[in-house]
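Reading the structure
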Amino acid sequence: MVEMVKADLLIVGMGAAAQMAALYAHDARPDLKILIATKALKGKGGCSRMVQGGFNVVLSPKDSHERHLMDTLKGGQYINNQDLAVTLVEQATPTIKEMETLFGCFFDRNPDGTIHQKAFAGQAFDRTVHKGDLTGIEIMSRLTEQVEKRRIPVLEECRAVELLLDESGQTITGALLLDMRTGRFIIAEAAATLVATGGGPTQYRFHAPGPDKAVDGLAMLYRAGALMQDMEMIQFHPTGLIIPGSVVAGALLEEGLRGAGAHLFNGDGERYMLKYAPDVAERATRDVVSRSSFLEMSSGRACPEGGVHIDASHLGADFVLKNFPGMAERCRQFDYDLARGRVPISPTAHFVMGGAVIDVNCKASFEKLFVSGEDAGGVHGANRLGGNGICESCVYGRQAGKALAGYLSNGNRAIQKTRTGHAEEAIDRLSEPTTRTTGPSPFDLRQALQELNWNKVGLARKEPDLSDAVSEIEAIAAEAAKMRVIGGPVYNMMRTTALDLLSMIDVSRMVVASSRAREETRGAHFRMDFPTQRDDYGLFNNRLRRGSNGLPEIDKTPVIFKRKSLAECQQYRKG
């Protein structure tokens, strides 16, 4: 028999966005029954914990929300949802203060006791708050303590596999969960559901997120029929470690290293960013640096390890070890000396700018559905600034928590009935691989998908590759429908990989379809056959839903220049 649980608020995920939402909802309405389901252990998984660099926020009188907004819109190449971007920058200031005063987060200080803010690429002011280069651990540790203190129940190692709908197909009733400790399914129904699993584009050969990430939330939202947007905008971080043969390959050397003055060199020893972005060099935005590195590598100027080199040694070993101890230690584990020599790196899949369409209160396109953090789209436009990611998670987790407390106070606490047979159909479909005696391996299929995406839907795209990718993804999907999972129900890695693969396939479908629909280069989306950004053509958002055939249906929606005009965005200079 399938276990059933009920709550006022079901939160899927346990990163910064999810925990901030739980804390703010609880503190506003302590009577709410909140349930968190996380794929990992409490506070130990996901991308928020891996944040090294920091949190962009206006604190100095010399800075302004206006400048932070314009930096964000310029970085996003004008297709951001401006209401979401304004909320991000304005609410970041009270959010960071409350994280210290209410939840005990503590960030690095200046000698006078004020919060220290460092330089990050793509910004007109040094506004990045941090805790050394281990900012995510500080945030997640303190938030998890506060969740524990409030005794908010958490289902650990319990992954969501499907969103549930009512008979009308217009209301989310909760989620189907899989308890990885027992192999049993759980039907979790709630008066409101928040999807905050984080993105984590691990469907590429090199990826920064950890192995527990598999774009689950984005895939569940798509399968349920939620309205999505801008899924072509996959950010590749410029500086992922090259570690041959290791699952850690792609792990980040964070933005602050370039912000502090580290240099990039190609295999010929040339500091190539002076050629691509002479005004700002290595402090250019992530899309520019990643693309420049890719062009150097693909033009035969790679370093012997296959990528390019980053060099911070000229900053002084003491400076590097003091300011970037986490990165220095990570490099040392693989016999690289970040403080004294050059380290091989490659662009690595890092962040999904696209996601579910939401409003400033995180309300999505279904009744009783809210989305925050990397599962949501619109905040960052075509490219996210470093430091705006954990800022988004915390700000929009806070927004979601406050909104949900209000929503559940206004006659919305009734739990709708899930469509008859919905959960059972999903359980049968997802259990089929465990009953087969033959079939392809999910490990092999995942690797094939990662290679396909890296080669044809990665840093540089063109129509022939994208067209091939459509059919090749469907071929992998057809094989996935026949895959076999062996082993028992408890902590079955092969079963976990099979479920990961299904999520990766659905998100790959969205990325390819959206990439084909945008015939220009903009932000993180680089079309070799359309290498120019065209503001006379490309000022739209690709909005999409899952069609009846399971494939994306796309509608181009014009960007609304509600707060800042196109001319203001185009003319803004960060100097």
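Computed from a prediction, not measured in an experiment: that's the story for all the values here.

Pairing in this open sheet of 3 strands is antiparallel, and the strands run 3-5-4 from one edge to the other. Looking at strand neighbours, the two that pair on one side only are strand 3 (55-56) and strand 4 (117-118), the edges of this open sheet. With 2 bridges joining them, strand 4 and strand 5 (residues 128-129) adopt antiparallel strand pairing. What sits directly across from Gln117, in strand 5, is Val129.

Evaluation of the coordinates by the stated rule reveals 8 aromatic pairs. Aromatic pair Phe319 and Phe324: ring centres 6.4 Å apart, planes at 70 degrees, arrangement edge-to-face. Judged by relative accessible area, which is 35%, Phe319 ranks as partly exposed. A relative accessible area of 3% means that Phe324 is categorised as buried. Here the aromatic residues Tyr204, Phe206, Phe236 and Trp454 are joined through ring pairs into a cluster of three or more. Sitting over the ring of Phe351, Arg384 keeps its end group 4.1 Å from the ring centre. Directly above the ring of Phe540 sits Arg518, whose terminal nitrogen or CZ lies 4.1 Å from the centroid.

Another point: the side chain of Gln19. As for its placement among the helices and strands, Gln19 is situated in helix 1 (residues 16-28). Given the relative accessible area of 0%, Gln19 is considered buried.

Taken together, 4 strands build an open sheet; the order of strands is 11-14-13-12 and the sheet is antiparallel. Taken across any chain shown, the strands that pair with only one partner, and hence form the sheet edges, are strand 11 (234-241) and strand 12 (263-265). For this sheet, the mean angle separating the axes of adjacent strands, direction not counted, is 40 degrees. Sheet analysis places strand 11 next to strand 14 (residues 342-352), joined by 6 bridges and oriented antiparallel.

Turning to its location among the elements, Glu100 is positioned in helix 3 (residues 82-101). In this structure Glu100 comes out as buried when scored by relative accessible area, which is 17%. Not counting residues within four places of it along the chain, the set of residues in contact with Glu100 comprises Cys105, Phe106, Phe107, Arg109 and Ile115.

Right, let's get into the layout of surface pockets. Within this model, the second largest pocket holds a volume of roughly 800 Å³. As for the second largest pocket, its lining consists of 38 residues, of which Glu162, Arg223, Arg429, Leu430 and Leu502 are closest to the centre. The element that contributes the greatest number of residues to the lining of the second largest pocket is helix 15 (residues 493-517), accounting for 8 residues. In terms of residue class, the lining of the second largest pocket is built from 18 nonpolar, 5 polar and 15 charged.

Moving on, we get to the nonpolar core. Counting 160 residues, the largest nonpolar core has Phe55 and Leu253 as the members making the most contacts within it. Residues within four places of Leu253 in sequence aside, it is in contact with His237, Thr239, Leu241, Ile310, Met327, Cys331, Leu338, Val343 and Ile345. With 11 residues, the next largest nonpolar core counts Leu164, Leu178, Phe185 and Leu499 among its residues.

Tallying each qualifying case throughout the model produces 2 cavities of 30 Å³ or more. Space inside the largest cavity adds up to approximately 80 Å³. Along its surface, the largest cavity is lined by 13 residues, and Phe236, Asp287, Ser290, Leu459 and Ala524 are the ones closest to its centre. Elements supplying a minimum of two residues to the lining of the largest cavity: strand 11 and helix 8 (286-298). Per element, the largest residue contribution to the lining of the largest cavity is 4 residues, and it comes from helix 8. When the residues that make up the lining of the largest cavity are grouped by side-chain class, the tally is 5 nonpolar, 5 polar and 3 charged. Space inside the second largest cavity adds up to approximately 50 Å³. Lining the second largest cavity, in full, are Leu178, Met180, Gly183, Pro489, Tyr491, Asn492, Arg495 and Thr496. Of the residues belonging to the lining of the second largest cavity, the class tally is 4 nonpolar, 3 polar and 1 charged.

Cut-offs applied
- Residues numbered from 1 in each chain as written.
- Predicted model: local features only at pLDDT ≥ 70, side-chain atom pairs only at ≥ 80, totals over all residues.
- Heavy atoms only, no water.
- Pairing = 2+ DSSP bridges.
- Helix = DSSP H or I, 4+ residues; strand = E, 2+ residues; numbered from the N terminus.
- Phe/Tyr/Trp six-rings, centres within 6.5 Å; stacked < 30°, edge-to-face > 60°.
- Buried < 20%, exposed > 50% of the residue type's maximum accessible area, 1.4 Å probe, protein only.
- Lys NZ or Arg CZ within 6 Å of the ring centre and 35° of its normal.
- Axes fitted to C-alpha atoms, helices over the stretch in contact; angles between N-to-C directions.
- Contact = heavy atoms within 4.5 Å.
- 1 Å grid on protein atoms, 1.4 Å probe; cavity = no way out; pocket = protein on both sides within 12 Å on 5 of 7 lines; lining within 4 Å.
- Points joined across faces, edges and corners; volume = space filled by probe spheres on them.
- Nonpolar A, V, L, I, M, F, W, Y, C, P; charged D, E, K, R; others polar.
- Core = buried A, V, L, I, M, F, W, Y, C linked by side-chain atoms within 4.5 Å.

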